[in-house]
Amino acid sequence: MAAALLWVIPFAWMVVASLRPGDAGAADIASLLPAGPLGTGNFAEAWTSGHFPLWYGNTFVLCGGILAVQCVTVSLAGYAFARMRFPGRDWLFYAFLLQLMLVPPILIVPNLTTLVALHLYDTLAGVAAPYCASAFGVFLMRQTFRTIPAAYEEAALVDGASRLQIIWHVLLPLARPGLTAFAIVSVTSHWNEFLWPLMATSSPSTQVLTVGLASFTAGAEAGSEWGVIAAGTFFVAAPLLIAFVAFQRQFVSSFTFSGIK
Amino acid sequence: MRILQVATMAFGLMTGAAHAATELDLFFPVPVQGKLATEMQRLIEEFDKTHPDIHVTAVYTGSYDDTNLKTRAAIQAGKPPGAVIMSANFVREYAINEDAIPLDSIIAKSGETPAQFMEKFWPALRINAIEQGHVYGVPFQNSTPLMYYSVDAFKEVGLDPDHPPATWQEWADALRKLAKHDGDKTTRWGVMFPGTYDYLGWIVSGLAMANGGQYYNTGYGGEVYYNTPTTIGAVKLIDTMIHQWHVMPEGVTDANAVTTAFFQGRTAMMVLSTGSLSFVRENMKTPYKVAFLPRQFVNAAPIGGASLIIPRGNSPERQAAAWTLINWLTSPEIAGGWSRFTGYFAPRIAAYDLPEMKTYIAEHPDAKVALDQLAYARGWFSTYNVVGVRKALEDGVQAVLSGKATPEAAMAKAQAEADALMKPYVEQTALKLPH
Amino acid sequence: MSAASTTLPSVSLAARARWPWAAYGLLTPSAIFLLAFTYWPVLLVVLNSLTVTGFHGVAHWGLDNFGRLFADDHFGAAVRNNIVYAIGTIAPSLVLALGFALGLKDTTRFSSALRTAIALPMLIPLVAAASLFVFIFLPSAGLLDYYLGRFGLSETNWLGDPSLALGSIIAITIWKNTGYYMLFFLAGLAGIPQDLLDAAKIDGARPWQRFRHITLPLLGPTISFVLIVALLNVLTQVDHVIVMTQGGPSDSTSMLLFYIYQQAHQNYDVGLASAATVMSVGVLFALSVLSLRSLERGIHHEV
C-alpha cells in the first residue's frame, strides 16, 4: 500500500509540475501540492517546441509495422516448433532463441553498416528491420500453440485444409491471448526504445517520440524549464498510460492465459 | 491571351523544374531548448525565401555530442548533411580524419585569401577554425565562461557588487564571506559550476589558463598538459573550495542544478557560459551581474561554441550551396541578430558596428562584459580523440570533486590516459621520421 | 531428443510433417531477418574484434584489441558496475514483484487500481523516466531532497556523488521494471490450482508453509523466466545512463553496453568496441544456454 503510493509519486509530480505555470527558479518546484493558479502553458510550450504530431505518427507507424510483420514471422515459426517434427529442430530452436540474448543495441555498429548497404539508413523500415523476427515471440507462440488441443487441427486436416489455412483459420483465433500478450510486450518495448532509433535515423522526418523528447530536453549550456520537460514527458507516455488504464483487465488476463506461466 | 498565359505558366513551371533547387540539410545543435530551435527554423525559412535556388532543411540534432555522433553516422552512411554547426573543438578532429573539407579553395573563389577571410573574425576564434594552415570551420556562435553573481548576496555580506573579485585571492575572500552555513547544512553556497562531462573540462581549462598554463598544444593535436603545475594548481583551487572552505558543494552538479540553485538564491555565484546570458536574464528574479573568470596571473578564458563545417562527401554544387548558406548565416546582420537572441557573442567583428548591436550592448551591461572578456580569450581544447582525451581529465577532476583522489594523483592518471588515447595519432605524426 | 516431442499431437499430423520442407518454409521469414540482423552482425563483430588498426595505419589480424580491453580500467569499472547493478536490481525487483503479485492477486476494484499504479512505470520510455528522475534527484531543489529536507536531512547529490550515483540508477530500474515482472507473477499465480492450496489449508499448513512448499515450487518456471528477462534487461538497457550520468561521475555508473556505445561512437574505436561486444555476447551466450535449459525443464513440468 505504502509502496504503491511511493510508486505513483513520480507520476503525481509530473502532472503537477506540468500544470504549474513555468518558473525555472521558483522555490516550490518540487512541491507535490499545487500552489497558486494552474495552467496549461507548459503543455502549449512543449507542444510547440517539438513536432509531436509527426513523432506520434512515426511512433505509431513504427510500432504497428513491427507488430504486423512480427505476427506473421512469429506465428509461422511458433507453429513449426510447436507442432512439426523435422531434422535439426531442437538446434534450430536454440539458434532462434539466441536472438533473445543478442539484442540490437549490442549490435549497433554492424547493424548500421547493414542498413546502409540495404539503403534503409534513416528510414522507419530500417529502424524496424532488426525487430522483424522475434525470438521472444516465437517462444511465446510455441507455448501458446501447445496449449491448444490437437483435435481442432485434425478436424480441419480431415476436411483437406492446408497448413497455412489451419494456422490462419483455426489456430490463430484460439491463440489470441498469446498474441495479445506478445503485442503488449512488443509495442511497449518499441514505443519506449531510444538508443537504436537515435542511431538509425538522422532526418527530423524520421524521428520517433523518444528521440524527439531527448533532443528537446537535453540542454547542454543552460538551465531547464522543468515544467516544460514534465509536460513533454507526459505527451510521450500518455497514449500507453491511457491504453493500459482502459484495458488493464484484458492486459493482465492475456498474460495469464498465454503460455507464459 | 488566356492560352498564352497558361503556356507561359507551364513554361515557367518546366524551367523551374529544370533548375531544381539544391537540397541541403543543416545539422544544428541548440544547447538550450525550444525557443532557439524555433528561431533557427525561422532563420532558415528566411534564407530559403531569399535564395530560391537552394532549399535548406534545418535538422535539430540535440546536444553538441549528439550532433557530432549523428554527423559521423550520416557521413559513414553516405548521406552527409550540407553543413553542420559543430562544436568548435571537434573541428580539428574532423580535419585530422578528413571528415570535413578544407574551405581554402571555396574562399579563393570569392577573391579572398584564407587569411583575409579569417581576419573578419575575432582573433581568438581563428585558433579553432584553422588546422595545419587550412581553414576548416567558420565561427558561428561563440561563448566564454563567465562568473555570474547575485547583487543581493554581495550587499548582504558587505561586498561591493560593482567590484567583483578579479583575482583568485579576492575570489577566495569573497567566497568565504558569501557561503552561509547552519550547523551541518549549507543554506547558501559561495559558488557552483557544472561538473558534468564537456562543461567541466572547459571550466578547468579556463582556470588552468588563468593560472598561466597552456592546457593543450594549440598547434598540434597530440599533446595535452594535464600533469603540469598550472593545471594541478587549478584543480587544487577547486579541491580547496570544496573540502577546506566548504564554499562549493561536493560531487558533480549539472548545469540545470546550477542555474536552479542560482535562481533560488542557494548559491551566490555560478560559473557558466555566456551562452546562458539570455536564459538567466529571463529567469533570474533578483538583480545579478557578471564578471570575468578570476585570474591567478593572467586574465584568460577559453572559447566555446560552434563553427560551421562542410562534411566530406558533398558534391561541388552542394558545397557551393552550403558555402552560400554559411556566408549568409555568418554575415554581420544575421550573426548579430542570433547573438542578441541567444546571448552568444557574434564572431564577426563587423556585427558590433551595426546600430542595433550598439543599442543592445548599451542596454545589456552583461553582454558588454562578455564582449570585453574576448580580448583575453584563448583557443578551445581540441585534440585527436578529443572526447576521450577530455573525459580522461574530467574523470580525474570528478574524483577530486567527490574527495576520492588528490589533485596530483588525479592529474597524473589523467595524463597517462590521455597520452594513451592520442598514441596512435602521435606515432603516425610527430614521432614519424622521414624515410 | 527433448521431452518436447512427447507433446506432439497424433500420428496423422506427425506423418504429414514427413516433408521437412513445409517446416523449413514456415521458419524462413524469421530466419531471413535473423540472418541479416543477428547472425551476420555477430560474425562482423568477431572479425572486427580481431582486426587491429592504428591511425592511418594498415590493418592486420591479432588479439591486440582484447589485450587493450583487459588493460583498460574503464572496462573493468564497467564490468564491476554491471555486476553490482545486476545484483542490486534483480533481487529487489523480483522480491517486490512477487510480493505485489501475492498481495494483489485477487481482483477487487482497489487491488486493480494498485496493480495499475505499479505497472505504470513499465509503460513509459526509459528516457522519459530518466528525465523525470533527473529532477527528482536534483540536489536540494528536487523532489527527493525537498521532502527529505522536511525531516531535517541535508541536501544530497544523488547523481553527482560517485558512491550514490549507481544506487540512484538502480532505484530507477527497480521502479521501472517491478510492475512488468509483477504481471508475469500474477499470471503464474493464476495457474496454481486453488484446490491444492485449500487442501493444504485444511491440513493445517500455515500461510508461510503453503507459500514455501506449494506456491514457490510451482512458480519455479515463472521465476526462471522472469530471471532471464531481468538478466537481459540488465545487460541491454542503458538509456537512463546516457541521459542521466553519461557513465559518470568518475565512471561510477558506466556499464558494459554503455562502454561499448562510448568506444564505438565517442572514441571511434571499432576494434575495442567489437572486442567488448564479443565479451558481452559471450557472457550472454553462456547465460542463455544455462537458463534455457532450466527454463525448458520448468516448462515440461507444466505441459
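Residues numbered from 1 in each chain as written. Chains lettered and ligands numbered in written order. Predicted model: local features only at pLDDT ≥ 70, side-chain atom pairs only at ≥ 80, totals over all residues.

Asker: Can you explain the overall build of chain A? Please cite residues and give values.
Answerer: A tally of helices and strands in chain A yields 14 helices and 0 strands. Sequence-ordered secondary structure for chain A, helices as α and strands as β, is α-α-α-α-α-α-α-α-α-α-α-α-α-α. Classification of the 261 residues of chain A by burial places 56% in the buried group. (Helix = DSSP H or I, 4+ residues; strand = E, 2+ residues; numbered from the N terminus. Buried ≥ 20, exposed ≤ 12 C-beta atoms within 10 Å, placed from the backbone.)

Asker: Give me the lowdown on the overall build of chain C, citing residues and values where you can.
Answerer: Per the secondary structure count, chain C includes 14 helices and 2 strands. Looking at chain C residue by residue over its 303 residues, the buried ones come to 46%. Long-range pairs, those at least 24 residues apart, make up 68% of the contacts in chain C with a sequence separation of at least 6. (Contact = placed C-beta atoms within 7 Å.)

Asker: Can you break down helix 11 (residues 229-243) of chain B residue by residue, with the values?
Answerer: All names here are of chain B. Compared with the 21 Å implied by 1.5 Å per residue over 15 residues, the 20 Å span of helix 11 between its first and last C-alpha is a close match. Every buried residue of helix 11 is listed here: Thr-231, Ile-232, Ala-234, Val-235, Leu-237, Ile-238, Asp-239 and Met-241. Lining the buried residues of helix 11 we find helix 9 (168-178), strand 9 (185-192), helix 10 (199-210), helix 18 (386-401) and helix 19 (407-428). (Expected span 1.5 Å × (residues − 1).)

Asker: Talk me through the nonpolar core; I want residue IDs and the actual numbers.
Answerer: Core analysis: the biggest nonpolar cluster contains 293 residues, and B:Tyr148, B:Val191 and B:Leu325 have the highest contact counts within it. When residues in this core are grouped by element, the largest group, 13 residues, is from helix 8 (residues 162-190) of chain C. Two domains share this core, each providing at least three of its residues, namely domain 1 (20-142 + 304-378) and domain 2 (145-301 + 385-428) of chain B. Once you skip the residues sitting within four places of it in the chain, B:Tyr148 turns out to touch B:Phe262, B:Met269, B:Met270, B:Leu272, B:Val280, B:Tyr288 and B:Val290. (Core = buried A, V, L, I, M, F, W, Y, C linked by C-beta atoms within 7 Å. Domains from an automatic or database assignment.)

Asker: Go over the sheet that holds strand 1 (residues 22-28) of chain B with me, naming the residues and quoting the values.
Answerer: Residue and element names in this part refer to chain B. The mixed open sheet is built from 5 strands, whose spatial order is 2-1-3-13-6. In the strand order of this sheet, the two ends are held by strand 2 (54-60) and strand 6 (138-143), each with one partner. Here the average twist between neighbouring strands, direction ignored, is 20°. Direction of pairing for strand 6 relative to strand 13 (residues 304-309): antiparallel, over a ladder of 5 bridges. Note that in strand 13 the partner of Pro-139 across the bridge is Ser-307. Along the sheet, helix 14 (residues 316-329) contacts strand 1, strand 2, strand 3 (83-87), strand 6 and strand 13; its crossing angle with strand 1, the most-contacted strand, is approximately 50°. (Pairing = 2+ DSSP bridges. Axes fitted to C-alpha atoms, helices over the stretch in contact; angles between N-to-C directions.)

Asker: Kindly report on the confidence of the model for chain A, identifying the contributing residues and their values.
Answerer: Per-residue confidence for chain A gives a mean pLDDT of 78, with 81% of residues at or over 70. When the criterion is pLDDT under 50, residues 219-223 of chain A qualifies, and its contacts beyond four places in sequence or with other chains add up to 30 contacts. (pLDDT = per-residue confidence, 0-100.)

Asker: Report on the pairing of strand 9 of chain B, specifying residues and quantitative values.
Answerer: Residue and element names in this part refer to chain B. Of all the 8 residues making up strand 9, 6 are buried; the element is thus mostly covered by neighbouring parts of the structure. Note: strand 8 (residues 180-182) against strand 9, 3 bridges, orientation antiparallel. Looking at the pairing, Asp-182 lines up with Lys-185 of strand 9. Linking strand 8 to strand 9, which pair antiparallel, is a turn of 2 residues; within it Gly-183 sits at a positive phi near 65°.

Asker: Give me the lowdown on the interface of chain A and chain C, citing residues and values where you can.
Answerer: Taken together, the contacts link 75 residues of chain A with 80 residues of chain C. The residue inventory of the side of chain A that touches chain C, partitioned by class, reads 54 nonpolar, 13 polar and 8 charged. (Nonpolar A, V, L, I, M, F, W, Y, C, P; charged D, E, K, R; others polar.)

Asker: Go over the confidence of the model for chain C, please, and point to the residues and values.
Answerer: Residue and element names in this part refer to chain C. Across chain C, the average pLDDT comes to 80, with 88% of residues at 70 or higher. Mean pLDDT in chain C bottoms out at helix 1 (residues 11-16), which sits at 48, and peaks at helix 4 (residues 73-103), which reaches 91. Low pLDDT (under 50) marks residues 1-12, which in the prediction has 13 contacts with non-local residues, meaning those over four places away or in another chain. At the level of chain-chain contacts, confidence expressed as ipTM amounts to 0.81, with global pTM at 0.83.

Asker: Outline the sheet that holds strand 9 of chain B, listing residues and values.
Answerer: All names here are of chain B. Strand order in the open sheet made by the 5 strands is 8-9-10-7-11, with mixed pairing throughout. A single partner strand is all that each edge strand has here, and the edge strands are strand 8 and strand 11 (288-291). Across the sheet, the axes of successive neighbouring strands diverge by a mean angle of 25°, strand direction being ignored. Packed on one face of the sheet, helix 12 (residues 255-263) meets strand 7 (145-150), strand 9 and strand 10 (267-273) and runs near 140° to strand 10.

Asker: Quick one: what's the story with unusual backbone geometry, residue by residue and with numbers?
Answerer: Residue and element names in this part refer to chain C. One non-glycine residue with positive phi stands out, namely Gln-246, at about 55°. The topology assignment puts Gln-246 in the loop between helix 12 (239-244) and helix 13 (256-265). Positive phi is not limited to glycine here, since Asp-251 has a value of about 70°. Position of Asp-251 relative to the elements: it lies in the loop between helix 12 and helix 13. Residue Asp-251 is classed as buried on the basis of its 23 C-beta neighbours within 10 Å.

Asker: Pulling in residues and values, what's your account of the packing of helix 18 of chain B against helix 19 of chain B?
Answerer: Residues and elements named next belong to chain B. As a packed pair, helix 18 and helix 19 sit with axes 8 Å apart at the nearest point and diverge in direction by 165°. If you check the angle between helix 18 and helix 19, you find them roughly antiparallel. Of the two possible hands of crossing, helix 18 and helix 19 adopt the one that is right-handed. Only Pro-407, Ala-410, Met-411, Lys-413, Ala-414, Glu-417, Ala-418, Leu-421 and Met-422 of helix 19 make contact with helix 18, whose side of the interface consists of Gly-388, Val-389, Ala-392, Leu-393, Gly-396, Val-397, Ala-399 and Val-400. (Parallel < 35°, antiparallel > 145°, perpendicular 65-115°, else oblique. Left-handed = near helix turned anticlockwise from the far one by under 90°.)

Asker: Please provide a residue-by-residue account of the environment of C:Val238, values included.
Answerer: All names here are of chain C. With respect to the helices, strands and loops of the structure, Val-238 is situated in the loop between helix 11 (220-236) and helix 12. Its 25 C-beta neighbours within 10 Å are what place Val-238 among the buried residues. Separated by 51 residues in sequence, Val-238 and Ala-187 have C-alpha atoms that sit 28 Å apart. Ignoring any residue separated from it by four or fewer positions in sequence, one finds Val-238 in contact with Met-255, Leu-257, Phe-258 and Tyr-261.

Asker: How would you explain the environment of B:Phe47 if you had to name every residue and give the values?
Answerer: All names here are of chain B. Looking at the element boundaries, Phe-47 is found in helix 2 (residues 35-50). Of the residues examined, Phe-47 has 20 C-beta atoms within 10 Å and is grouped as buried. For the pair Phe-47 and Trp-328, spaced 281 residues apart in sequence, the C-alpha to C-alpha distance is 7.9 Å. Leaving out residues up to four positions away in the same chain, Phe-47 has contacts with Val-56, Leu-325 and Trp-328.

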